[in-house]
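# Fold and geometry: a report
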Amino acid sequence: MDPQRWPLYLVCLMIVSGGTIYFGVRFRSFAFVAYGVLYGYIGFAAKVLDGTRDFIGAMLFVVTTGSAVVFSLVFLARRIGSAE
Amino acid sequence: MRMHSPEIESNIHLERQIRDWARSGAIDAAQSTTLLGDIRVNVKRTNFFLRAVLFIFTVLIAAAAVALVAATGHLGEKTIGILCIISGILAFLLANILVNEFQLYRFGVEEGLAVISIPLISFGVGLVLGFDLFGHSSKAPWFLGITTGTLTAVAVCWRFGFQYAAALALVGIGMWADAVAETVTTKIALAAALLLAVAIVARTWRRRCVRDYLAAEFGAIETLAFVGTYLVLNVHLRVGLASYSTTLRYGGLPAWFYWFTYACIWILPVIGFILSLREKHRLMILASLGIALATLATNKPYLGREAQTWDAILFGLFLIGIAIAIKRWIAAGPGGYRHGYTVASLLQGDKSMMTALGTASVVLPGANTALPSHAESQNNFHSGGGYSGGAGASGQF
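About the thresholds
- Residues numbered from 1 in each chain as written.
- Chains lettered and ligands numbered in written order.
- Predicted model: local features only at pLDDT ≥ 70, side-chain atom pairs only at ≥ 80, totals over all residues.
- Helix = DSSP H or I, 4+ residues; strand = E, 2+ residues; numbered from the N terminus.
- Buried ≥ 20, exposed ≤ 12 C-beta atoms within 10 Å, placed from the backbone.
- Contact = placed C-beta atoms within 7 Å.
- Expected span 1.5 Å × (residues − 1).
- Axes fitted to C-alpha atoms, helices over the stretch in contact; angles between N-to-C directions.
- Parallel < 35°, antiparallel > 145°, perpendicular 65-115°, else oblique.
- Left-handed = near helix turned anticlockwise from the far one by under 90°.
- Nonpolar A, V, L, I, M, F, W, Y, C, P; charged D, E, K, R; others polar.
- Domains from an automatic or database assignment.

### Describing the overall build of chain B
Per the secondary structure count, chain B includes 14 helices and two strands. Counting the 397 residues in chain B, one finds 29% classified as buried. Residue pairs in contact within chain B that sit at least 24 positions apart in sequence constitute 60% of those at least 6 positions apart.

Below, the structure is given as C-alpha coordinates:
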(Lines give C-alpha, C1' and ligand atoms only; values in the text may rest on other atoms or scores of the structure.)
Protein backbone atom coordinates (compact mmCIF):
# COMPACT_ATOMS: atom_id res chain seq x y z
CA MET A 1 0.00 0.00 0.00
CA ASP A 2 1.05 3.56 -0.66
CA PRO A 3 2.57 4.81 2.65
CA GLN A 4 0.63 8.07 2.27
CA ARG A 5 -2.66 6.18 2.28
CA TRP A 6 -1.80 4.02 5.30
CA PRO A 7 -3.06 6.55 7.94
CA LEU A 8 -6.31 6.99 6.01
CA TYR A 9 -6.75 3.21 5.78
CA LEU A 10 -6.05 2.85 9.52
CA VAL A 11 -8.51 5.60 10.45
CA CYS A 12 -11.24 4.13 8.22
CA LEU A 13 -10.62 0.65 9.60
CA MET A 14 -10.79 1.90 13.18
CA ILE A 15 -14.01 3.81 12.52
CA VAL A 16 -15.71 0.86 10.84
CA SER A 17 -14.58 -1.88 13.24
CA GLY A 18 -14.86 0.37 16.33
CA GLY A 19 -18.36 1.44 15.28
CA THR A 20 -19.39 -2.17 14.69
CA ILE A 21 -18.12 -3.19 18.14
CA TYR A 22 -19.68 -0.16 19.86
CA PHE A 23 -23.13 -0.63 18.34
CA GLY A 24 -22.86 -4.41 18.78
CA VAL A 25 -22.34 -3.90 22.52
CA ARG A 26 -24.94 -1.15 22.76
CA PHE A 27 -27.69 -3.18 21.09
CA ARG A 28 -26.41 -6.46 22.56
CA SER A 29 -25.91 -8.01 19.12
CA PHE A 30 -22.72 -9.86 19.91
CA ALA A 31 -22.31 -11.25 16.42
CA PHE A 32 -21.37 -7.71 15.36
CA VAL A 33 -18.87 -7.45 18.20
CA ALA A 34 -17.26 -10.62 16.87
CA TYR A 35 -17.26 -9.26 13.29
CA GLY A 36 -15.75 -5.96 14.43
CA VAL A 37 -12.96 -7.64 16.39
CA LEU A 38 -12.14 -10.30 13.78
CA TYR A 39 -12.27 -8.17 10.65
CA GLY A 40 -10.61 -5.24 12.40
CA TYR A 41 -7.74 -7.44 13.52
CA ILE A 42 -7.41 -9.12 10.13
CA GLY A 43 -7.46 -5.74 8.37
CA PHE A 44 -4.79 -4.35 10.69
CA ALA A 45 -2.57 -7.46 10.80
CA ALA A 46 -2.75 -7.98 7.03
CA LYS A 47 -1.38 -4.49 6.39
CA VAL A 48 1.27 -4.63 9.13
CA LEU A 49 2.51 -8.05 8.05
CA ASP A 50 2.12 -7.40 4.31
CA GLY A 51 5.34 -8.43 2.58
CA THR A 52 7.27 -8.96 5.79
CA ARG A 53 10.09 -11.53 5.70
CA ASP A 54 10.77 -11.36 9.42
CA PHE A 55 9.10 -14.54 10.72
CA ILE A 56 10.09 -13.94 14.35
CA GLY A 57 8.76 -10.38 14.21
CA ALA A 58 5.51 -11.58 12.68
CA MET A 59 5.02 -14.23 15.39
CA LEU A 60 5.89 -11.70 18.10
CA PHE A 61 3.30 -9.35 16.61
CA VAL A 62 0.62 -12.08 16.63
CA VAL A 63 1.41 -13.13 20.21
CA THR A 64 1.40 -9.60 21.65
CA THR A 65 -1.55 -8.13 19.74
CA GLY A 66 -3.51 -11.40 20.03
CA SER A 67 -2.98 -11.42 23.80
CA ALA A 68 -4.17 -7.81 23.99
CA VAL A 69 -7.33 -8.77 22.07
CA VAL A 70 -7.95 -11.78 24.35
CA PHE A 71 -7.55 -9.72 27.54
CA SER A 72 -9.84 -6.99 26.19
CA LEU A 73 -12.45 -9.56 25.16
CA VAL A 74 -12.30 -11.35 28.52
CA PHE A 75 -12.86 -7.98 30.20
CA LEU A 76 -15.76 -7.23 27.84
CA ALA A 77 -17.24 -10.72 28.24
CA ARG A 78 -17.13 -10.46 32.04
CA ARG A 79 -18.91 -7.10 31.93
CA ILE A 80 -21.59 -7.54 29.29
CA GLY A 81 -21.40 -10.88 27.49
CA SER A 82 -23.77 -13.14 29.39
CA ALA A 83 -24.25 -16.76 28.34
CA GLU A 84 -27.72 -16.27 26.87
CA MET B 1 -12.81 -37.49 35.52
CA ARG B 2 -14.84 -34.52 34.24
CA MET B 3 -13.76 -31.01 35.18
CA HIS B 4 -17.28 -29.91 36.05
CA SER B 5 -19.39 -31.88 38.49
CA PRO B 6 -22.49 -33.71 37.20
CA GLU B 7 -24.63 -31.28 39.23
CA ILE B 8 -23.21 -28.24 37.44
CA GLU B 9 -23.59 -29.90 34.02
CA SER B 10 -27.15 -30.99 34.83
CA ASN B 11 -28.09 -27.53 36.11
CA ILE B 12 -26.69 -25.81 33.03
CA HIS B 13 -28.59 -28.25 30.78
CA LEU B 14 -31.79 -27.64 32.77
CA GLU B 15 -31.28 -23.86 32.75
CA ARG B 16 -30.95 -23.91 28.97
CA GLN B 17 -34.18 -25.89 28.65
CA ILE B 18 -36.09 -23.56 30.99
CA ARG B 19 -34.95 -20.50 29.00
CA ASP B 20 -36.04 -22.22 25.78
CA TRP B 21 -39.46 -23.05 27.26
CA ALA B 22 -39.87 -19.44 28.42
CA ARG B 23 -38.89 -18.05 25.00
CA SER B 24 -41.33 -20.44 23.32
CA GLY B 25 -44.20 -19.47 25.61
CA ALA B 26 -44.50 -22.93 27.19
CA ILE B 27 -44.06 -21.31 30.62
CA ASP B 28 -44.61 -17.70 31.65
CA ALA B 29 -42.03 -15.26 32.98
CA ALA B 30 -42.99 -15.81 36.64
CA GLN B 31 -42.67 -19.59 36.32
CA SER B 32 -39.37 -19.18 34.52
CA THR B 33 -38.00 -16.92 37.27
CA THR B 34 -39.11 -19.36 39.98
CA LEU B 35 -37.57 -22.35 38.22
CA LEU B 36 -34.33 -20.51 37.42
CA GLY B 37 -34.13 -19.34 41.04
CA ASP B 38 -33.91 -22.96 42.18
CA ILE B 39 -30.94 -23.65 39.93
CA ARG B 40 -27.50 -22.59 41.06
CA VAL B 41 -24.86 -22.33 38.37
CA ASN B 42 -21.66 -20.83 39.75
CA VAL B 43 -19.54 -20.82 36.61
CA LYS B 44 -18.34 -18.05 34.32
CA ARG B 45 -19.82 -18.24 30.84
CA THR B 46 -20.09 -15.91 27.92
CA ASN B 47 -22.03 -15.23 24.77
CA PHE B 48 -21.53 -17.66 21.86
CA PHE B 49 -19.95 -15.08 19.54
CA LEU B 50 -17.48 -13.75 22.11
CA ARG B 51 -16.66 -17.35 22.97
CA ALA B 52 -15.92 -18.12 19.32
CA VAL B 53 -13.62 -15.10 18.95
CA LEU B 54 -11.83 -15.92 22.21
CA PHE B 55 -11.37 -19.50 20.99
CA ILE B 56 -9.89 -18.38 17.66
CA PHE B 57 -7.47 -15.90 19.24
CA THR B 58 -6.34 -18.35 21.93
CA VAL B 59 -5.52 -20.99 19.32
CA LEU B 60 -3.75 -18.35 17.21
CA ILE B 61 -1.65 -17.08 20.14
CA ALA B 62 -0.70 -20.57 21.33
CA ALA B 63 0.38 -21.67 17.83
CA ALA B 64 2.29 -18.41 17.24
CA ALA B 65 4.02 -18.70 20.64
CA VAL B 66 5.29 -22.20 19.83
CA ALA B 67 6.44 -21.06 16.37
CA LEU B 68 8.16 -18.05 17.96
CA VAL B 69 10.15 -20.20 20.41
CA ALA B 70 11.06 -22.67 17.65
CA ALA B 71 12.20 -19.89 15.30
CA THR B 72 14.09 -17.91 17.96
CA GLY B 73 16.01 -20.97 19.13
CA HIS B 74 16.76 -22.21 15.57
CA LEU B 75 15.68 -25.65 16.72
CA GLY B 76 16.05 -28.88 14.79
CA GLU B 77 13.08 -31.06 13.84
CA LYS B 78 13.29 -33.42 16.82
CA THR B 79 13.73 -30.54 19.27
CA ILE B 80 10.69 -28.83 17.71
CA GLY B 81 8.86 -32.11 18.27
CA ILE B 82 9.78 -32.10 21.97
CA LEU B 83 8.80 -28.41 22.18
CA CYS B 84 5.40 -29.22 20.64
CA ILE B 85 4.80 -32.10 23.09
CA ILE B 86 5.76 -29.95 26.11
CA SER B 87 3.66 -27.03 24.81
CA GLY B 88 0.69 -29.34 24.21
CA ILE B 89 0.89 -30.74 27.75
CA LEU B 90 1.26 -27.23 29.19
CA ALA B 91 -1.74 -26.00 27.19
CA PHE B 92 -3.83 -28.92 28.47
CA LEU B 93 -2.74 -28.25 32.08
CA LEU B 94 -3.38 -24.51 31.71
CA ALA B 95 -6.91 -25.24 30.48
CA ASN B 96 -7.41 -27.37 33.62
CA ILE B 97 -6.12 -24.55 35.83
CA LEU B 98 -8.38 -21.96 34.17
CA VAL B 99 -11.43 -24.14 34.78
CA ASN B 100 -10.43 -25.00 38.35
CA GLU B 101 -9.32 -21.54 39.48
CA PHE B 102 -11.63 -19.26 37.50
CA GLN B 103 -14.61 -21.62 37.06
CA LEU B 104 -14.70 -21.02 33.30
CA TYR B 105 -17.37 -22.94 31.43
CA ARG B 106 -17.32 -22.86 27.62
CA PHE B 107 -15.58 -19.49 27.76
CA GLY B 108 -13.44 -19.90 24.65
CA VAL B 109 -10.02 -19.46 26.23
CA GLU B 110 -9.85 -22.81 28.03
CA GLU B 111 -11.41 -24.45 24.98
CA GLY B 112 -8.74 -23.03 22.69
CA LEU B 113 -5.95 -24.23 24.98
CA ALA B 114 -7.43 -27.72 25.33
CA VAL B 115 -8.02 -28.07 21.59
CA ILE B 116 -4.58 -26.77 20.52
CA SER B 117 -3.00 -29.44 22.75
CA ILE B 118 -4.35 -32.12 20.35
CA PRO B 119 -2.42 -31.11 17.19
CA LEU B 120 0.60 -30.00 19.23
CA ILE B 121 1.05 -33.35 20.97
CA SER B 122 0.18 -35.32 17.83
CA PHE B 123 2.54 -33.33 15.60
CA GLY B 124 5.25 -33.37 18.29
CA VAL B 125 5.16 -37.16 18.66
CA GLY B 126 5.33 -37.54 14.88
CA LEU B 127 8.34 -35.20 14.63
CA VAL B 128 10.22 -36.85 17.51
CA LEU B 129 9.76 -40.24 15.87
CA GLY B 130 11.14 -39.00 12.55
CA PHE B 131 8.16 -37.68 10.61
CA ASP B 132 9.39 -35.49 7.76
CA LEU B 133 6.97 -32.88 6.48
CA PHE B 134 8.81 -32.37 3.20
CA GLY B 135 10.20 -35.83 2.54
CA HIS B 136 9.41 -39.52 2.53
CA SER B 137 9.46 -40.65 6.12
CA SER B 138 8.47 -44.13 7.26
CA LYS B 139 4.90 -44.97 8.18
CA ALA B 140 5.51 -45.40 11.92
CA PRO B 141 5.82 -41.68 12.91
CA TRP B 142 2.66 -40.83 10.95
CA PHE B 143 0.80 -43.74 12.53
CA LEU B 144 1.97 -42.96 16.09
CA GLY B 145 1.29 -39.23 15.65
CA ILE B 146 -2.30 -39.94 14.61
CA THR B 147 -2.75 -42.45 17.45
CA THR B 148 -1.48 -39.96 20.04
CA GLY B 149 -3.62 -37.18 18.57
CA THR B 150 -6.73 -39.38 18.67
CA LEU B 151 -6.06 -40.37 22.28
CA THR B 152 -5.47 -36.72 23.25
CA ALA B 153 -8.76 -35.74 21.59
CA VAL B 154 -10.53 -38.48 23.56
CA ALA B 155 -8.87 -37.19 26.77
CA VAL B 156 -10.00 -33.60 26.02
CA CYS B 157 -13.55 -34.78 25.32
CA TRP B 158 -13.57 -36.93 28.46
CA ARG B 159 -12.14 -34.20 30.71
CA PHE B 160 -13.96 -31.12 29.42
CA GLY B 161 -16.96 -32.54 27.56
CA PHE B 162 -16.18 -30.68 24.32
CA GLN B 163 -18.06 -32.52 21.60
CA TYR B 164 -15.94 -31.09 18.80
CA ALA B 165 -13.00 -32.90 20.45
CA ALA B 166 -15.01 -36.10 19.97
CA ALA B 167 -15.45 -35.14 16.32
CA LEU B 168 -11.67 -34.67 16.02
CA ALA B 169 -11.15 -38.09 17.64
CA LEU B 170 -13.48 -39.63 15.04
CA VAL B 171 -11.52 -37.97 12.25
CA GLY B 172 -8.40 -39.39 13.91
CA ILE B 173 -9.91 -42.88 13.87
CA GLY B 174 -10.57 -42.53 10.14
CA MET B 175 -7.00 -41.35 9.53
CA TRP B 176 -5.66 -44.14 11.75
CA ALA B 177 -7.45 -46.75 9.62
CA ASP B 178 -6.04 -45.06 6.53
CA ALA B 179 -2.52 -45.30 7.96
CA VAL B 180 -2.82 -48.91 9.15
CA ALA B 181 -4.49 -50.62 6.18
CA GLU B 182 -2.73 -51.29 2.88
CA THR B 183 -5.40 -51.40 0.17
CA VAL B 184 -8.22 -48.94 -0.51
CA THR B 185 -10.79 -51.63 0.26
CA THR B 186 -9.33 -52.43 3.69
CA LYS B 187 -8.89 -48.72 4.47
CA ILE B 188 -12.59 -48.04 3.84
CA ALA B 189 -13.75 -51.25 5.54
CA LEU B 190 -11.60 -50.71 8.65
CA ALA B 191 -12.54 -47.03 9.03
CA ALA B 192 -16.25 -47.80 8.58
CA ALA B 193 -16.13 -50.73 11.04
CA LEU B 194 -14.36 -48.65 13.71
CA LEU B 195 -16.69 -45.68 13.34
CA LEU B 196 -19.75 -47.94 13.40
CA ALA B 197 -18.40 -49.60 16.56
CA VAL B 198 -18.06 -46.14 18.18
CA ALA B 199 -21.64 -45.31 17.15
CA ILE B 200 -22.94 -48.57 18.68
CA VAL B 201 -21.01 -48.07 21.94
CA ALA B 202 -22.18 -44.42 22.21
CA ARG B 203 -25.76 -45.56 21.55
CA THR B 204 -25.53 -48.20 24.30
CA TRP B 205 -24.17 -45.63 26.77
CA ARG B 206 -26.81 -43.09 25.77
CA ARG B 207 -29.60 -45.55 26.46
CA ARG B 208 -28.10 -46.54 29.83
CA CYS B 209 -27.27 -43.13 31.28
CA VAL B 210 -29.78 -41.36 33.51
CA ARG B 211 -28.54 -37.78 33.23
CA ASP B 212 -30.02 -35.75 30.39
CA TYR B 213 -26.85 -33.81 29.57
CA LEU B 214 -24.84 -37.04 29.26
CA ALA B 215 -27.52 -38.62 27.08
CA ALA B 216 -27.35 -35.56 24.82
CA GLU B 217 -23.55 -35.80 24.62
CA PHE B 218 -23.54 -39.52 23.83
CA GLY B 219 -26.34 -38.92 21.34
CA ALA B 220 -24.19 -36.33 19.56
CA ILE B 221 -21.17 -38.66 19.48
CA GLU B 222 -23.38 -41.51 18.20
CA THR B 223 -24.68 -39.29 15.41
CA LEU B 224 -21.23 -38.03 14.47
CA ALA B 225 -19.84 -41.57 14.31
CA PHE B 226 -22.85 -42.77 12.29
CA VAL B 227 -22.49 -39.94 9.79
CA GLY B 228 -18.74 -40.62 9.68
CA THR B 229 -19.42 -44.26 8.79
CA TYR B 230 -21.63 -43.12 5.94
CA LEU B 231 -19.11 -40.58 4.67
CA VAL B 232 -16.41 -43.25 4.57
CA LEU B 233 -18.63 -45.73 2.75
CA ASN B 234 -20.11 -43.41 0.13
CA VAL B 235 -17.24 -43.43 -2.34
CA HIS B 236 -18.89 -40.93 -4.67
CA LEU B 237 -19.30 -38.23 -2.06
CA ARG B 238 -16.76 -35.47 -2.25
CA VAL B 239 -15.70 -34.61 1.29
CA GLY B 240 -12.88 -32.45 2.55
CA LEU B 241 -9.62 -31.67 0.86
CA ALA B 242 -8.84 -32.94 -2.62
CA SER B 243 -6.27 -35.41 -1.31
CA TYR B 244 -8.87 -36.97 0.98
CA SER B 245 -11.70 -36.73 -1.49
CA THR B 246 -13.46 -40.06 -1.60
CA THR B 247 -14.31 -39.39 -5.24
CA LEU B 248 -10.72 -40.14 -6.14
CA ARG B 249 -10.62 -43.61 -4.66
CA TYR B 250 -13.54 -45.59 -6.10
CA GLY B 251 -11.54 -46.47 -9.19
CA GLY B 252 -9.37 -48.97 -7.28
CA LEU B 253 -12.20 -50.87 -5.66
CA PRO B 254 -13.14 -54.45 -6.56
CA ALA B 255 -16.66 -54.72 -8.01
CA TRP B 256 -18.09 -56.68 -5.06
CA PHE B 257 -16.92 -54.08 -2.55
CA TYR B 258 -18.14 -51.22 -4.72
CA TRP B 259 -21.67 -52.70 -4.75
CA PHE B 260 -21.39 -53.51 -1.05
CA THR B 261 -20.81 -49.79 -0.34
CA TYR B 262 -23.76 -49.00 -2.64
CA ALA B 263 -25.99 -51.29 -0.54
CA CYS B 264 -24.64 -49.73 2.67
CA ILE B 265 -25.41 -46.15 1.64
CA TRP B 266 -29.05 -47.15 1.13
CA ILE B 267 -29.33 -49.30 4.27
CA LEU B 268 -27.63 -46.88 6.72
CA PRO B 269 -30.11 -43.97 6.36
CA VAL B 270 -33.05 -46.38 6.67
CA ILE B 271 -31.68 -48.03 9.83
CA GLY B 272 -30.72 -44.66 11.33
CA PHE B 273 -34.10 -43.14 10.53
CA ILE B 274 -36.16 -46.04 11.91
CA LEU B 275 -34.16 -46.31 15.16
CA SER B 276 -34.05 -42.56 15.78
CA LEU B 277 -37.74 -42.13 14.98
CA ARG B 278 -38.60 -44.84 17.49
CA GLU B 279 -36.39 -43.32 20.20
CA LYS B 280 -37.20 -39.68 19.32
CA HIS B 281 -33.50 -38.98 18.88
CA ARG B 282 -33.78 -35.66 17.05
CA LEU B 283 -30.17 -35.18 16.05
CA MET B 284 -30.04 -38.66 14.53
CA ILE B 285 -33.35 -38.08 12.69
CA LEU B 286 -31.84 -34.99 11.06
CA ALA B 287 -28.58 -36.79 10.31
CA SER B 288 -30.43 -39.77 8.78
CA LEU B 289 -32.43 -37.42 6.56
CA GLY B 290 -29.23 -35.65 5.56
CA ILE B 291 -27.44 -38.84 4.56
CA ALA B 292 -30.58 -40.08 2.79
CA LEU B 293 -30.39 -36.93 0.65
CA ALA B 294 -26.71 -37.60 0.01
CA THR B 295 -27.59 -41.13 -1.11
CA LEU B 296 -30.21 -39.85 -3.54
CA ALA B 297 -27.78 -37.23 -4.84
CA THR B 298 -24.99 -39.76 -5.45
CA ASN B 299 -27.18 -42.55 -6.85
CA LYS B 300 -26.58 -41.62 -10.50
CA PRO B 301 -22.80 -41.48 -10.25
CA TYR B 302 -22.87 -44.82 -8.43
CA LEU B 303 -24.80 -46.40 -11.30
CA GLY B 304 -22.50 -44.78 -13.84
CA ARG B 305 -25.25 -42.70 -15.41
CA GLU B 306 -24.67 -39.25 -16.80
CA ALA B 307 -25.85 -36.37 -14.64
CA GLN B 308 -28.38 -34.08 -16.32
CA THR B 309 -28.94 -30.38 -15.70
CA TRP B 310 -32.55 -30.99 -14.72
CA ASP B 311 -31.63 -33.60 -12.08
CA ALA B 312 -31.40 -30.98 -9.34
CA ILE B 313 -34.80 -29.52 -10.32
CA LEU B 314 -36.50 -32.91 -10.26
CA PHE B 315 -34.75 -33.77 -7.03
CA GLY B 316 -35.93 -30.52 -5.41
CA LEU B 317 -39.52 -31.05 -6.61
CA PHE B 318 -39.44 -34.62 -5.33
CA LEU B 319 -38.26 -33.44 -1.87
CA ILE B 320 -40.87 -30.67 -1.75
CA GLY B 321 -43.57 -33.22 -2.61
CA ILE B 322 -42.40 -35.64 0.09
CA ALA B 323 -42.20 -32.86 2.71
CA ILE B 324 -45.71 -31.59 1.91
CA ALA B 325 -47.16 -35.11 1.94
CA ILE B 326 -45.61 -35.96 5.35
CA LYS B 327 -46.64 -32.61 6.81
CA ARG B 328 -50.26 -33.05 5.68
CA TRP B 329 -50.34 -36.65 6.91
CA ILE B 330 -49.12 -35.71 10.42
CA ALA B 331 -51.37 -32.63 10.58
CA ALA B 332 -54.40 -34.77 9.64
CA GLY B 333 -53.85 -36.99 12.70
CA PRO B 334 -56.00 -36.68 15.86
CA GLY B 335 -55.13 -33.33 17.49
CA GLY B 336 -52.51 -32.69 14.82
CA TYR B 337 -50.29 -35.46 16.23
CA ARG B 338 -49.16 -38.85 15.01
CA HIS B 339 -47.05 -41.18 17.16
CA GLY B 340 -45.97 -38.25 19.35
CA TYR B 341 -44.89 -36.06 16.41
CA THR B 342 -46.40 -32.76 15.36
CA VAL B 343 -45.66 -30.37 12.52
CA ALA B 344 -46.01 -27.35 14.83
CA SER B 345 -42.75 -25.74 15.91
CA LEU B 346 -43.06 -26.00 19.69
CA LEU B 347 -39.73 -24.61 20.87
CA GLN B 348 -37.86 -21.46 19.94
CA GLY B 349 -34.69 -23.56 19.73
CA ASP B 350 -36.17 -25.49 16.77
CA LYS B 351 -36.83 -22.24 14.90
CA SER B 352 -33.27 -21.10 15.61
CA MET B 353 -31.96 -24.39 14.25
CA MET B 354 -34.04 -24.05 11.07
CA THR B 355 -32.77 -20.49 10.65
CA ALA B 356 -29.19 -21.70 11.06
CA LEU B 357 -29.81 -24.46 8.49
CA GLY B 358 -31.27 -21.92 6.09
CA THR B 359 -28.24 -19.68 6.54
CA ALA B 360 -25.88 -22.62 6.10
CA SER B 361 -27.61 -23.65 2.86
CA VAL B 362 -26.50 -20.35 1.29
CA VAL B 363 -22.86 -21.39 1.48
CA LEU B 364 -23.41 -24.75 -0.25
CA PRO B 365 -20.80 -24.96 -3.01
CA GLY B 366 -21.86 -25.17 -6.61
CA ALA B 367 -25.36 -23.89 -5.99
CA ASN B 368 -25.00 -21.13 -8.52
CA THR B 369 -22.40 -22.61 -10.80
CA ALA B 370 -24.59 -24.60 -13.16
CA LEU B 371 -25.69 -21.65 -15.23
CA PRO B 372 -23.34 -19.02 -16.65
CA SER B 373 -23.77 -15.53 -15.32
CA HIS B 374 -25.60 -12.92 -17.33
CA ALA B 375 -22.32 -11.20 -18.19
CA GLU B 376 -20.77 -14.47 -19.35
CA SER B 377 -23.83 -15.21 -21.49
CA GLN B 378 -23.44 -11.85 -23.17
CA ASN B 379 -19.73 -12.37 -23.77
CA ASN B 380 -20.28 -15.80 -25.28
CA PHE B 381 -22.82 -14.54 -27.77
CA HIS B 382 -21.03 -13.64 -30.98
CA SER B 383 -23.44 -11.70 -33.06
CA GLY B 384 -22.59 -11.59 -36.69
CA GLY B 385 -25.40 -9.34 -37.67
CA GLY B 386 -29.01 -8.69 -36.95
CA TYR B 387 -28.52 -5.22 -35.51
CA SER B 388 -31.54 -2.93 -35.37
CA GLY B 389 -33.94 -5.30 -37.03
CA GLY B 390 -31.54 -6.41 -39.72
CA ALA B 391 -32.56 -9.99 -38.92
CA GLY B 392 -29.06 -11.28 -39.57
CA ALA B 393 -28.99 -10.10 -43.13
CA SER B 394 -25.46 -8.73 -42.72
CA GLY B 395 -24.11 -11.81 -41.02
CA GLN B 396 -21.31 -13.95 -42.42
CA PHE B 397 -22.56 -17.53 -42.94
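### Re helix H3 (residues 48–72) of chain B
Over its 25 residues, H3(B) extends 36 Å from the first C-alpha to the last, a length consistent with the 36 Å expected when each residue adds 1.5 Å. Note on H3(B): the residue one or two positions beyond its end, His74(B), has a positive phi of about 45°.

### A closer look at the packing of helix H7 (residues 163–180) of chain B against helix H8 (residues 184–208) of chain B
Residue and element names in this part refer to chain B. H8 packs onto H7 with a crossing angle of 150° between their chain directions and a minimal axis gap of 8 Å. With respect to H8, the element H7 is oriented roughly antiparallel. Here H7 runs over H8; the crossing is right-handed. Where H7 abuts H8, its residues Leu170, Ile173, Gly174, Ala177, Asp178 and Val180 lie against Lys187, Leu190, Ala191, Leu194, Leu195 and Val198. The residue inventory of the contact of H7 with H8, partitioned by class, reads nine nonpolar, one polar and two charged.

### Some points on the domain arrangement of chain B
Residues and elements named next belong to chain B. As assigned here, chain B comprises domain 1 (43–178) and domain 2 (181–306). For domain 1 and domain 2, the distance between their C-alpha centres works out to 27 Å. Of the residues lining the interface, nine residues belong to domain 1; the matching set on domain 2 comes to 14 residues. Looking at the side of domain 1 that touches domain 2 residue by residue, the class counts come to five nonpolar, three polar and one charged.

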